[in-house]
Every structure is written in structure tokens, then in C-alpha cells.
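Remarks on the overall topology
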Amino acid sequence: MNRRKTYRVWGPVFAAAVLVLLVFVTGVLDKQRVFEDMEYNQISFKENRRSRSLDAGDRYGLLNEGATGLNLPAGTYRLRYWIDGDGENRLRFSCGNNAAVSPAEVTVPAGEGWNEVEFTLQEACVNLRLDIDFVSGTYMDVVNLRMYSPFYNDHAWTLLFAAILFSVLWVLGTTGRLAGERAGVVIFIGLALLIANSPAYKDTLNLAHDTYFHMARVENLASGLAGGQFPVRAGGYTYNGYGAITSVFYADLFLYPLALMRLMGASITYVMNVYMAAVSLVSAVTLYACARRMFGERWIAACAAILYTLAVYRATNAYTRCAVGEATAMAVLPLFILGLWEVVLGDSRRYATLSVGASCVFLCHMISTLICAGTAFLFCLIHVRRIVREKRMIPLLKAVGLTALLCAFQLAPLLTYSLQGIGAAELASDVSYSALAPAQLFALGSGNTLAPRNIHLTRFSTEIGLPLLAGAALALYGLTAQKDHGLKAYTAGLLLAGGVCFSIAATELFPWSYLSVLTGGLTDYIQFSWRLLMMTVVLLSLAGGYGLTRFAGSRPDAAAMLALCVAALCTMPTLSREMRFDEYIAFGEGDNTAYTYREYTIPGSDVERTTERTVLMDGAVRMENYVKEGTTVTASVVAEGDATLTFALFGFDGYAAEVEGREMAVGLGENNRLTVHLPAGTEGTLRIWFAGKGYWRFFDAVSLAALAGLAGRRIWKMQKRRKRQVSAAH
């Protein structure tokens, strides 16, 4: 490539990078939330009166009652107020979860018009309370209250993502890699993604079924990273700052970018919307790669990717339920399906694909992992003769071994805490209770006329959808009409049969009660039988892509356009409903950390008592300069005798404490809170942090080595292939 062409290709990319860097450094696109007219919108005044006067018979005291209803992330806020009066009065800040506010109280000067005060929330605040106290003078009148959130750099991140997209398309276009059919594929799939992500194009975040839980996962992860952990096992955000080890049982590998974005100044509503958009993108890419490998045709892959991206159930997972774990699992599920197909039916030397796919599913959703394990078992059982005849057992065992190595870093702490009785056994439920009525598979959107056993099933879409049903019909027609009965046709038939079977298994037609008895209740951990629709959607999307292109004949691009139009038309009602959803978290606001769920906690913990932030001191001890940041605590202590301190942290195994480099004993106290024992004569700076277990580091190294070996093997194969191509050219 000559110098002029190099400048033409990479010059705009460099310019875009410089622009993004300048925007981040200067903060020119940073924005903040303005809570205007709080005296009308957030503050509830007694008797609806914003003024008091002694001449009118009023008395000193609070003008308002109750809290503002605002849940706010940690940070520094600015309150601009105009409170008129002829005496000095007071403003007091407090949080419903007792999060620290600094300063907690400010003086309102007499008759100065507009004034400002900055206050800092040390931790996430639930239900901020702003008390206006009339304490002196003859009158007091609240004219205006206006609060400003911290600045967030959401627009700068949007510019970064736009610049990355522009750069990729520019390089591919100018180098000739994006032309002809490839351009058509990108345009069709790109439009499908644009439609599928429409609920994410807003500042607000839908308050869906699991929104609070998964927001807390991101904030917990950010807390752990800020405290110096990597990988993060315990975060100090959940349960009003008492912390949680959710990351151990609900792997957070794919949430790290979100946590980093939060630490670098993005708002929580923004990063959650970005993640769902990213999940859609990965879903389209992996499904396309899976179909392309299975069928070897670009337009089959394009049609399958469009059907999958705009599948109603996938949209429901992402935006109606905010089921981040399951939605992420669906994004990487095609890799697992492809790997299983390769090892059993395709090129068994590609067993690493199965390992990567299985590992990715495990590292985002445990229940999806159970479903995949059952699928793999049944698939291998069906093809056991072929596996034995073609000696495919060794590649299967290699795939299992490599998966264990890649996931060792997650398995080690999970087993550690599981053996201590920590888990989520209470989440297991009767799967038959959530089984769908067969009619629901063919419904359009939610409704409440089907009257299933579980009425909650009528509140969101659990149907297959017309595009997938039509694609399945065309696949069946193509299989019966054509004479080709090779591997492509067999694969399409297998996918179609699998999709039908999983659809039936999601309904009341399947004997879930009997299966629960046979498995000793193991199937109850799936929780909801309709989760199996995740497999239905993947399999029927692949089969539908095959059916559409076979039906279109010489115009497979027309099949892609048809798939796009029909799928968008059927999914848009669900997406539109979520765009107009009336329960949401607004920009500048945050999570409600007052959780009451008990999964992944130490047995016996009372999570409803986590608003208690007081450090309990037993013995002759003094403590000053107490600072708590996530899972890290520092304080100056002087112990004149043996003493025990009990902190506002759940004492999970893995915490460590020291005073001036001397290790202190830690344990469990009241409500499983973390205790630190100080021997008599201990004096200095106490530091508490989550150190984890030493042997976890070994398994971290094992997984890192396995990943490095896998990447090295891939690079070596690519170089070997390139050398063969060069030799063939000469």
C-alpha cells in the first residue's frame, strides 16, 4: 500500500481518534441533570404551604415532611436555593438508607436571595431527604430549590462508539472489503440492529423485572474495581453498602466494560442501555458466523442473523425483563451451538469453538449453562453411534477439559462459597407452574385472556413469532422439495426438529412434574420452562435462514429483505411498548440499594437490617477518621484493652485486616457483620479490605494460561494458513 493510499485509508480514522480524545479531555460534551422546581416536584410541604410566619401564628420547625423520592448515585451534587427570611435557618441532608452525606447540615443566611451549597454522597443514596428547618427570625419563605447532579460524559462515549463504527466501515470500504454482497449483508443486518435497539436510544432506563438487580451488579463490580480487586469477587455496593459476592455466583466477565465506563464518568442509565445495544450486536455477529460456517452461504447467514436479532423473545429478554444474564447468554449461545455441531457433525478438530462457546455461556448465566448441558447430552446421545464410529469422543473430552481450564478462575471461588452453604437454592421453583399454554407460542404480544397457572406469564411476550414460524415452514418445504440430502439439509432438518422440541418443552404438554421427580428436583433450578425458548429462537433462526434463501432461489437478497420487513413488523409493537414504558429510572438518578432478596448471602443474614451503619465497639477502644469506600475501610484506632469492632460489611470469607502492617483477626459478629479483633495496645491506622483466598490466584493463572494458549494456537494456525496461501500463489 503506497503512502497516499495509506493516508486516505487511515487519515480519517486518526482524525476521529483525535476528536474523541479532545472531547474526553476537555469535557465539552459532558452533561448533568437539573432537578428544577424541587419545591413543587420533589418536596412535600406541610399543609402545602412553602412559607411560615410567626405573625400569622406559625411556629418554628420543619416546613416539609417526607423524603424527595430520589435515589441518587454517589457523587458531589450542587443545591441552588432561594429561601427568604430575616433569620438564619437550616437545611439538612439525609438518606433513607443512612448513607453518609457531607455536609449533613448547612446554614441558610438571612435574606440573601440565591445561594449555593455542594454536598457529597459518600455512597448511593436511597430516598434523599432535604429538610428545611425554620429556627430563627420572624418568617421564612421557600422561593425556589434547584439541584444539579454530577457531570456525566455519556455524549463523549456515544461519540467514541460512533467513531469506532465509522472507522471500521471506512477501512473496510476503502480497502474493498465491503462491496457487493458483503455491503448488502451489512446494510440489512445493520438496519435490523438499528430497529432492535430502539428502546436504548433514550436517557431513561426502563424499570423492568430485573433492572435493579443487574444495575446493582454493575455498581458492585465498579466498587470492587475501585477497591483494587481483579477479578472482582466482592463488591461494596449492594445491601446498602454491606456488600455482596454476587460476582462469584453470577459471573460478571462481560460487565467489566460497563464498570469501567461508570468509573470513567458515564451514568448508570447510559451504560445499561449501551450494554443492551451491545448484546444485540454480538447476537447478530455470532449468529451470522454460526450460520455461515454451518451452511457456507452468506445470504443464509444474513437471513438467520436478521431473524435472530429481531426475534420477539430476544427483545423481551432485553427490554421487557432486563434479563441481562439470559440476554448475554443468548448473544453467545450460537457459538455453543456451532461448537457442538463441529465436534459431533463437522470438523472435530475445531473443539475449541465448543469450549469457548460453553465458557462464555457459563460466564454470563448459570441457568443457561444447565440448559446447554442438557442440550449437549441429548445431542450426543442422538449421535452416539457416529461419535463412536468416527472417534469423536476424544475431541469432546478435550472440549470439556479446555472449558474447565478456561472457567477455573470462576469455579474456584464458586465452590469455596458453595461448600460454606452460600447459594441461591431458594430460587428453585416448580417448572411446571411456569409452563406455557400451547396457545401462547402463537400469540402476538402480551395479554391476559389465556389464563395460565402463573398469571405473570400474561404480562410479557413469550411467543415464537411469525417470522420464525414462517422460516421454519419454508425450511420444511425446502427439505421436502429438493433432492439434495447432504450435510446442509441434514443440519437444517436437525435445527428445525430441535426448535420444535424445545418449543413443546416450554409448554404444559411436556411432563415437567415427572421429570422433576426423576431428576430429584434438579430441573427446578431452571425456574421457568419458557426459558427454553432461548434455544427455540436460536435453532429456528438458523433453520429459517436456510428456508428463506432456498425459497427465494436466485434472489437470496430478496429473502433477506423479506426477513427484515416481516421480523421488524412483528417485533416493533413490543419495542414500541418498551419505548413508551411509564416506569423508568431517569438520567441522573440511580438504583435502590435497599434489597430484600437473600440469595448469595451468608445463611442467617437479615438483609432488611442493612440500613444500620454504626460501627459497634466492644472493649476499651477509640476510633477516629473512619472512612468506608466499598469493601475497603480505614480508620485510626487505639485499643487500650482487647477490643472487637463490628463494621457495616457482611463478613464473607476472604476479608483481611491489618494495623500498621500487623495482621488482625477477622470474624463474624451480629447479623453476620464483619468483626476485627484488636489486641490490647494496638494503635495506628486500621485497614480492612477484601483480599480473597490465596489459592484462587493459582486458578486465575490457570485460566489465563489456557486463554493465552488458545490465542497462541489460533495465531499459529492463521500464520500457517497464510504461508500455505503464499506458497500456492507462487
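Everything numeric in this text was worked out from a predicted model, so none of it was measured.

**Examining the overall build of the protein chain**
For the protein chain, the count of helices and strands is 22 helices and 20 strands. Its C-alpha atoms give the protein chain a radius of gyration of 29 Å, within 12% of the compact-globule value 27 Å for 730 residues. Per-residue burial for the protein chain yields a buried fraction of 53% across its 730 residues. Sequence separation of 24 or more characterises 77% of the internal contacts of the protein chain that already satisfy a separation of 6 or more. Summed over all atoms, the accessible surface of the protein chain reaches about 32400 Å², with 60% contributed by carbon and sulfur. When the 63 basic and 58 acidic side-chain charges of the protein chain are each reduced to a single mean position, those positions are 19 Å apart.

**Brief notes about the sheet that holds strand β5 (residues 89–95)**
If you trace the four strands from one edge of the open sheet to the other, you get β3-β9-β5-β7, paired in antiparallel fashion. In this open sheet, the two edge strands, each paired with only one partner strand, are β3 (61–62) and β7 (105–108). Both β3 and strand β9 (residues 128–134) contribute to a ladder of two bridges, which runs antiparallel. Within the sheet, the bridge partner assigned to G61 lies in β9 and is F134.

**Points about the environment of Y201**
Looking at the element boundaries, Y201 is found in the loop between α4 (181–196) and β11 (205–206). For the pair Y201 and V274, spaced 73 residues apart in sequence, the C-alpha separation works out to 8.9 Å. Setting aside chain neighbours within four positions, we find Y201 in contact with L193 and L194. A distance of 2.9 Å separates the side chain of Y201 from the backbone oxygen of L194, its partner in a polar contact.

**Quick look at a nonpolar patch on the surface**
On the surface, a nonpolar cluster with roughly 300 Å² of combined accessible area is contributed by F14, V18 and L22. Counting through the fold element by element, V18 comes out in helix α1 (residues 3–26).

**Considerations on the state of the cysteines**
Inspection of every chain in the model, using the stated rule, returns one disulfide. The thiol sulfur of C501 is not disulfide-bonded, and the nearest other cysteine sulfur, from C380, lies at 16 Å.

**Details of the pattern of salt bridges**
In total, this model carries 35 salt bridges according to the counting rule given. Among the salt bridges present, the one from R90 reaches D133, with a minimum N-O distance of 3.3 Å. Of this pair, R90 sits in strand β5 while D133 sits in strand β9; the two residues are 43 residues apart in sequence, bridging distant segments of the chain. A residue is classified by how much of its surface remains accessible, and D133, at 8% relative accessible area, is buried. Residue E342 is joined to R350 by a salt bridge in which the shortest nitrogen-to-oxygen separation is 3.9 Å. Classification of R350 by relative accessible area gives partly exposed; the value is 34%. When salt bridges that share partners are traced, they join R293, E342, D347, R349 and R350 into one network.

**Quick look at the pairing of strand β18 (residues 662–668)**
Sheet analysis places strand β17 (residues 655–659) next to β18, joined by three bridges and oriented antiparallel. Bridging from a neighbouring strand, A657 pairs with M664 of β18. Connecting β17 to the next strand, β18, in antiparallel fashion are two residues, including E660 with a positive phi near 55 degrees. As judged from the four bridges shared by β18 and strand β19 (residues 673–678), these two strands associate in the antiparallel manner. From the neighbouring strand, A665 faces β19, where its bridge partner is H677. Where β18 folds back on β19, the antiparallel hairpin that results is connected by four residues, among which N671 adopts a positive phi of roughly 55 degrees.

**Side note on the packing of aromatic side chains**
A complete count under the given rule lists 25 aromatic pairs for this structure. Between F230 and Y256, the aromatic rings sit 5.6 Å apart at their centres with planes inclined by 75 degrees, giving edge-to-face as the arrangement. Residue F230 is located in the loop between α5 (211–226) and α6 (246–249), and its partner Y256 is located in helix α7 (residues 256–263); the two are separated by 26 residues in the primary sequence. By relative accessible area, F230 is classed as exposed at 56%. For the ring pair Y417 and F652, a centre distance of 6.5 Å and an interplane angle of 75 degrees mean the geometry is edge-to-face. Of this pair, Y417 sits in helix α16 (residues 408–418) while F652 is found in the loop between β16 (643–650) and β17, placing the two residues 235 residues apart along the sequence. Owing to a relative accessible area of 0%, Y417 belongs among the buried residues under this scheme. Every member of this aromatic cluster is reached through a ring pair, and the members are Y239, Y242, Y417, F650, F652, Y695 and W696. One cation-aromatic arrangement involves R78 over Y148; the distance from NZ or CZ to the ring centre is 4.0 Å.

**Some thoughts on the side chain of T491**
Residue placement: T491 occurs in helix α18 (residues 487–505). According to the relative accessible area criterion, T491 is buried, its value standing at 1%. Once residues within four sequence positions are removed from consideration, T491 is found in contact with M294, F295 and W341.

**With respect to the layout of surface pockets**
What the largest pocket holds in volume is close to 1500 Å³. Forming the walls of the largest pocket are 37 residues, and the residues nearest its centre are F161, L165, L193, N197 and L281. Looking at the lining of the largest pocket, the elements that each hand over two or more residues are α3 (154–174), α4 and α8 (268–295). Here the lining of the largest pocket is composed, by residue class, of 25 nonpolar, five polar and seven charged.

**Regarding the environment of E608**
Along the chain, the position of E608 falls in the loop between β12 (584–585) and β13 (616–618). Taking the C-alpha atoms as reference points, E608 and T211, 397 residues apart in sequence, are found 20 Å from one another.

**A short note on the nonpolar core**
Core analysis: the biggest nonpolar cluster contains 131 residues, and F336 and L542 have the highest contact counts within it. One finds Y242, Y250, A424 and A657 within the second-largest nonpolar core, a separate group that totals 41 residues.

**Things to note about empty space enclosed by the protein**
The tally for this structure, following the rule as stated, stands at four cavities of 30 Å³ or more. Residue lining of the largest cavity: P199, K202, L205, N206, A208, T211, M272, N273, M276, A318, Y319 and C322, and that is the complete set. In terms of residue count, α8 provides more of the lining of the largest cavity than any other element does, three residues in total. Looking at the lining of the largest cavity, its residues break down into eight nonpolar, three polar and one charged.

**Details of the pairing of strand β8 (residues 114–121)**
Here β8 shows a clear split, with N115, V117, F119 and L121 buried on one side and none of W114, E116, E118 and T120 buried on the other. Here two bridges tie strand β6 (residues 101–102) to β8, and the two strands are oriented antiparallel to one another. Across the sheet, the residue bridging to S102 is T120, located in β8.

**Here we look at the packing of helix α15 (residues 393–406) against α16**
Contact geometry of α15 with α16 gives a least axis separation of 5 Å together with a crossing angle of 70 degrees. If you check the angle between α15 and α16, you find them roughly perpendicular. For the pair α15 and α16, the contacting residues are A404, L405 and L406 in the first and A408, F409 and L411 in the second. Residues of the contact of α15 with α16, tallied by class, amount to six nonpolar, no polar and no charged.

**Observations concerning the sheet that holds β19**
The antiparallel open sheet is built from eight strands, whose spatial order is β13-β16-β19-β18-β17-β20-β15-β14. Two strands close off the open sheet at either side, each with one partner strand: β13 and β14 (621–629). Within this sheet the neighbouring strands show an average axis-to-axis angle of 25 degrees, counted without direction. Note: β14 against strand β15 (residues 632–639), seven bridges, orientation antiparallel. Among the inter-strand pairings, V621 is bridged to a residue of β15, identified as A639.

Cut-offs used in this document
- Residues numbered from 1 in each chain as written.
- Predicted model: local features only at pLDDT ≥ 70, side-chain atom pairs only at ≥ 80, totals over all residues.
- Heavy atoms only, no water.
- Helix = DSSP H or I, 4+ residues; strand = E, 2+ residues; numbered from the N terminus.
- Rg over C-alpha atoms; globule rule 2.2 N^0.38 Å.
- Buried < 20%, exposed > 50% of the residue type's maximum accessible area, 1.4 Å probe, protein only.
- Contact = heavy atoms within 4.5 Å.
- Areas by Shrake-Rupley, 256 points an atom, 1.4 Å probe, with all protein chains shown as cover.
- Lys, Arg positive; Asp, Glu negative; His and termini not counted.
- Charge placed at Lys NZ, Arg CZ, Asp CG, Glu CD.
- Pairing = 2+ DSSP bridges.
- Polar contact = N/O pair within 3.5 Å; in protein donor to acceptor, adjacent residues only side chain to side chain.
- Patch = residues over 30% accessible without salt bridge, like charges linked within 9 Å, V, L, I, M, F, W, Y side chains within 5 Å.
- Salt bridge = Lys/Arg side-chain N within 4 Å of Asp/Glu carboxyl O.
- Disulfide = S-S within 2.5 Å.
- Phe/Tyr/Trp six-rings, centres within 6.5 Å; stacked < 30°, edge-to-face > 60°.
- Lys NZ or Arg CZ within 6 Å of the ring centre and 35° of its normal.
- 1 Å grid on protein atoms, 1.4 Å probe; cavity = no way out; pocket = protein on both sides within 12 Å on 5 of 7 lines; lining within 4 Å.
- Points joined across faces, edges and corners; volume = space filled by probe spheres on them.
- Nonpolar A, V, L, I, M, F, W, Y, C, P; charged D, E, K, R; others polar.
- Core = buried A, V, L, I, M, F, W, Y, C linked by side-chain atoms within 4.5 Å.
- Axes fitted to C-alpha atoms, helices over the stretch in contact; angles between N-to-C directions.
- Parallel < 35°, antiparallel > 145°, perpendicular 65-115°, else oblique.

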